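Structure assessment
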Amino acid sequence: MTLHEAVIRPAVPADLNAVAEIFTYYVSQTVITFEQTPPTVAEWRRRLDDLAGRGLPFLVADLDGDVAGYAYASPWRPKPAYRHTVEDSIYLAPGWTGRGLGSALLGALVDRCAQANLRQVIAVIADTGSDASTALHKRFGFTHVGRLTGVGYKHGRWIDTVLMQRTLATDQNG
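Heads up: these notes are all about the structure in this document. (Residues numbered from 1 in each chain as written. Predicted model: local features only at pLDDT ≥ 70, side-chain atom pairs only at ≥ 80, totals over all residues. Heavy atoms only, no water.)

**Some points on the pairing of strand 7 (residues 157–167)**
As paired elements, strand 5 (residues 120–126) and strand 7 share 7 bridges and run antiparallel to each other. Note on strand 7: the bridge partner recorded for I125 is V162. Where strand 6 (residues 143–154) lies against strand 7, 8 bridges are found, and the strand directions are antiparallel. Bridge pairing in strand 7 places H144 opposite M164. Connecting strand 6 to the next strand, strand 7, in antiparallel fashion are 2 residues, including H155 with a positive phi near 50°. (Pairing = 2+ DSSP bridges. Helix = DSSP H or I, 4+ residues; strand = E, 2+ residues; numbered from the N terminus.)

Take a look at the structure:
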């Protein structure tokens, strides 16, 4: 299967087993997410429903019926003044990194966020020693806006986060 055969589309409930499986890998094997207990499929269903109810995108990379990755935008903060700002999340199935799926997902996610009249997209990237996520976000116009030092503790180590931001619209009234 090649990247050119990937279809980026909205997630549906039937995708959530694969989404949960992909995320479980990152929870248990990496510090990319600060989650320590993988969400259940039921919790993913609630997340999908919540994001859909807010008009926020949740996308999957579909390779002939197999979910090879996913991306979604979630509220940045719960206070109403933040309603035009979202945080992106992108995860690829092991074995699908470095093949362009992250670019396909992030590009589609940014486009959908712009269509939803959002103003800002924030990326909170765990500093794992790899620059892949930072480089991906830079390619899509995100700029480095800060670093939070030692804010996460997982797998026996303290982890920094890098904050990146992309403005989608500047003429919007709240």
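Picking up where we left off.
**Points about the layout of surface pockets**
Approximately 1,200 Å³ is the volume attributed to the largest pocket. Every residue lining the largest pocket is counted, 43 residues in all, and those nearest its centre are I32, I90, Y91, V124 and S133. Going through the elements one at a time, helix 1 (16–29), helix 2 (41–53), strand 3 (66–75), strand 4 (85–92), helix 3 (101–115), strand 5, helix 4 (132–139) and strand 7 are the ones with two or more residues in the lining of the largest pocket. Of the residues in the lining of the largest pocket, the class split is 21 nonpolar, 13 polar and 9 charged. Of the volumes computed, that of the second largest pocket is approximately 200 Å³. Along its surface, the second largest pocket is lined by R54, L56, P75, R77, P78, K79, P80, Y82, R83, T85, V86 and L118. Classifying every residue of the lining of the second largest pocket gives 7 nonpolar, 1 polar and 4 charged. (1 Å grid on protein atoms, 1.4 Å probe; cavity = no way out; pocket = protein on both sides within 12 Å on 5 of 7 lines; lining within 4 Å. Points joined across faces, edges and corners; volume = space filled by probe spheres on them. Nonpolar A, V, L, I, M, F, W, Y, C, P; charged D, E, K, R; others polar.)

**A short note on the packing of aromatic side chains**
Overall, the coordinates contain 12 aromatic pairs when judged by the stated rule. Judged by centre distance (5.3 Å) and plane angle (55°), the rings of Y26 and Y91 are tilted. Of this pair, Y26 sits in helix 1 while Y91 is found in strand 4, placing the two residues 65 residues apart along the sequence. Of the two residues, Y26 and Y91, neither departs from the other in class, the shared state being buried. Their ring planes at 55° and their centres at 4.8 Å tell us that Y153 and W158 sit as a pair that is tilted. When the ring centre of W44 is taken as origin, the NZ or CZ atom of R47, which lies over that ring, is 4.4 Å away. Its end group placed over the ring of W96, R99 keeps NZ or CZ at 4.3 Å from the ring centre. (Phe/Tyr/Trp six-rings, centres within 6.5 Å; stacked < 30°, edge-to-face > 60°. Buried < 20%, exposed > 50% of the residue type's maximum accessible area, 1.4 Å probe, protein only. Lys NZ or Arg CZ within 6 Å of the ring centre and 35° of its normal.)

**Points about the environment of V41**
The residue V41 is located in helix 2 in this model. On the basis of relative accessible area, V41 is assigned to the partly exposed category, the value being 34%. Setting aside residues up to four positions removed in sequence, V41 forms contacts with L16, N17 and A20. (Contact = heavy atoms within 4.5 Å.)

**What about the packing of helix 3 against helix 4?**
Closest axis-to-axis distance for the helix 3/helix 4 pair is 10 Å, and the angle between their directions is 45°. Classed by the angle they form, the pair helix 3 and helix 4 counts as oblique. Note on packing geometry: the crossing formed by helix 3 with helix 4 is right-handed. Each of G102, S103 and L106 in helix 3 lies in contact with helix 4, whose residues at this interface are L136, H137 and R139. Among the residues forming the contact of helix 3 with helix 4, the class breakdown is 2 nonpolar, 3 polar and 1 charged. (Axes fitted to C-alpha atoms, helices over the stretch in contact; angles between N-to-C directions. Parallel < 35°, antiparallel > 145°, perpendicular 65-115°, else oblique. Left-handed = near helix turned anticlockwise from the far one by under 90°.)

**A closer look at the side chain of T33**
Relative to the helices and strands, T33 resides in the loop between helix 1 and helix 2. T33 has contacts with F23, Y26, V27, Y91 and K154, leaving out every residue within four places of it along the chain.

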